[in-house]
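Chain by chain, the residues:
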Amino acid sequence: MAAAWKEFKTAMKEKKNSKKTSNIKKFDWIKDEIVVQQLSSEVCGKAQKYSRMGPRVFVPFHYDEVTFDNIKAACERFFKSKLKDNTCCDILAGEQGPSCQSLEQIPNLKVIHLRIIEKAEVDSQTQSPQLEVYSKEKSTRLPIKRRRTHPISLQPQQSARSTSVKSSCTFPKSLSVVDMLKLGKVIKEKPSTIIELSSFYINQMEWSPEFRCVEFVINPVVIGVGGFREAFSATSRRDDFNTSTWVVKKYLANALENIKATNQTPEQHTRKVVQMHLLARNFAKQLQQEVSVQAK
């Protein structure tokens with residue numbers, strides 16, 4: 001009985017030691033390629049996730065050591081064609097972020113999530129604000145440095161003895177009696193649609209590799225019908241899209257069949273339409289310049 005108990009104790013000890021060694025060698029692996037999933041630069045939707053941009057890709061990894069800087073350098077070398085002078089790769093912990101600053105913050109090395117953002121945004125994330133506190137026993141200041149993923153701004157706390165009241169520069173919205181009565185009931189949420197927007201640069205003759213997810217509230221009333229699409233008016237609560245009313249066009253059922261018969265997708269057909277519109281706009285601008293020069 002004692003011998004069996006001793007063997008069991010030895011087996012459990014070896015099992016614990018094997019777990020420790022496996023944890024130590026968590027990042028001790030070398031591969032020629034890593035799997036990378038590119039995400040959008042901004043979050044979208046109610047879940048506040050970064051949307052996927054294309055399928056996963058194999059990125060060559062020709063380094064002897066697996067470090068955070070080596071992974072980032074391999075990704076920047078692979079996505080060099082998509083990077084500009086003021087942009088860089090930002091490695092994320094997942095589809096909901098946040099940005100990683102070390103290898104230990106990456107939860108899974110099987111798939112690396114990254115996005116392409118401006119360098120100024122990365123610099124603002126890596127800044128560590130310095131907080132100053134006062135010791136109760138001594139009057140000396142004790143600087144404390146804390147690292148945060150996003151910069152914060154601290155405001156001095158007002159003393160309770162202070163009787164001066166600062167006047168506010170903003171004024172609250174004036175509500176009518178009808179609006180006040182409406183607030184007593186649950187206001188129904190308007191159905192919205194998230195649309196991915198892409199831009200075409202005629203000077204570079206290329207489409208933007210990134211999509212912007214913008215939420216629109218589309219009016220179901222049709223304002224116009226053409227040969228391929230029908231038009232609807234739409235509004236958005238986003239800051240850079242709430243200044244005017246937009247037009248959203250949807251393809252007709254027979255138009256989709258005709259597009260499919262020509263071995264095209266609706267996205268390809270839409271891109272061609274946008275490119276031809278920009279070409280006509282470019283001709284119009286050139287003609288306008290020639291007319292203005294001749295008039296002088």
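Scroll up a little and you will see the structure.
K.L.:
It is not clear to me how a nonpolar patch on the surface should be interpreted in this structure. Could you clarify?
P.N.:
The grouping of Leu 175, Met 180, Leu 183 and Ile 187 at the surface amounts to a nonpolar patch, some 420 Å² of accessible area in total. Along the chain, Ile 187 turns up in the loop between α4 (177–183) and β8 (193–197). For Ile 187, a relative accessible area of 59% gives the class exposed.

K.L.:
How should the packing of aromatic side chains be read in this particular structure?
P.N.:
Two measures describe an aromatic ring pair: the distance that separates the ring centres and the angle between the ring planes. The tally for this structure, following the rule as stated, stands at five aromatic pairs. Ring centres of Phe 78 and Phe 79 lie 5.0 Å apart, and the angle between their planes is 85°; this geometry places the pair in the edge-to-face category. Judged by relative accessible area, Phe 79 falls into the buried class, the value being 5%. A ring pair is formed by Phe 241 and Trp 246, whose centres lie 5.3 Å apart and whose planes are at 50°; its orientation type is tilted. Note on Trp 246: relative accessible area 32%, which makes it partly exposed. The ring of Tyr 201 carries Lys 84 above its face, with NZ or CZ at 5.6 Å from the centroid.

K.L.:
What is the right way to look at the pattern of salt bridges in this model?
P.N.:
When their charged atoms lie close together, side chains carrying opposite charge are able to pair. In the structure shown here, the tally under the stated rule is seven salt bridges. When the shortest N-O distance is used, the salt bridge between Glu 95 and Arg 52 registers 2.5 Å. Of this pair, Glu 95 sits in the loop between β4 (87–92) and β5 (111–118) while Arg 52 sits in strand β2 (residues 49–52), placing them 43 residues apart in sequence. Classification of Arg 52 as exposed rests on a relative accessible area of 54%. A salt bridge links Arg 115 to Asp 90; its shortest N-O distance comes to 3.0 Å.

K.L.:
Just checking my understanding: could you explain the layout of surface pockets for this structure?
P.N.:
One way to see where empty space is left: roll a probe the size of a water molecule over the atoms. By volume, the largest pocket amounts to about 1200 Å³. If you list the elements that add at least two residues to the lining of the largest pocket, you get β8, β11 (212–225), β13 (246–251) and α6 (266–295). Sort the elements by how many residues they give to the lining of the largest pocket and α6 lands first, with nine residues. For the lining of the largest pocket, the class distribution of residues is 16 nonpolar, five polar and seven charged. Within this model, the second largest pocket holds a volume of roughly 1000 Å³. As for the second largest pocket, its lining consists of 39 residues, and the residues nearest its centre are Ser 41, Glu 42, Glu 210, Phe 211 and Arg 212. Of all the elements in the fold, those that place two or more residues in the lining of the second largest pocket are β1 (33–44), β5, β8, β10 (206–207) and β11. Split by domain, the residues of the lining of the second largest pocket number at least three in each of domain 1 (29–118) and domain 2 (192–295).

Quick notes on the rules
Residues numbered from 1 in each chain as written. Predicted model: local features only at pLDDT ≥ 70, side-chain atom pairs only at ≥ 80, totals over all residues. Heavy atoms only, no water. Patch = residues over 30% accessible without salt bridge, like charges linked within 9 Å, V, L, I, M, F, W, Y side chains within 5 Å. Areas by Shrake-Rupley, 256 points an atom, 1.4 Å probe, with all protein chains shown as cover. Salt bridge = Lys/Arg side-chain N within 4 Å of Asp/Glu carboxyl O. Helix = DSSP H or I, 4+ residues; strand = E, 2+ residues; numbered from the N terminus. Buried < 20%, exposed > 50% of the residue type's maximum accessible area, 1.4 Å probe, protein only. Phe/Tyr/Trp six-rings, centres within 6.5 Å; stacked < 30°, edge-to-face > 60°. Lys NZ or Arg CZ within 6 Å of the ring centre and 35° of its normal. 1 Å grid on protein atoms, 1.4 Å probe; cavity = no way out; pocket = protein on both sides within 12 Å on 5 of 7 lines; lining within 4 Å. Points joined across faces, edges and corners; volume = space filled by probe spheres on them. Nonpolar A, V, L, I, M, F, W, Y, C, P; charged D, E, K, R; others polar. Domains from an automatic or database assignment.

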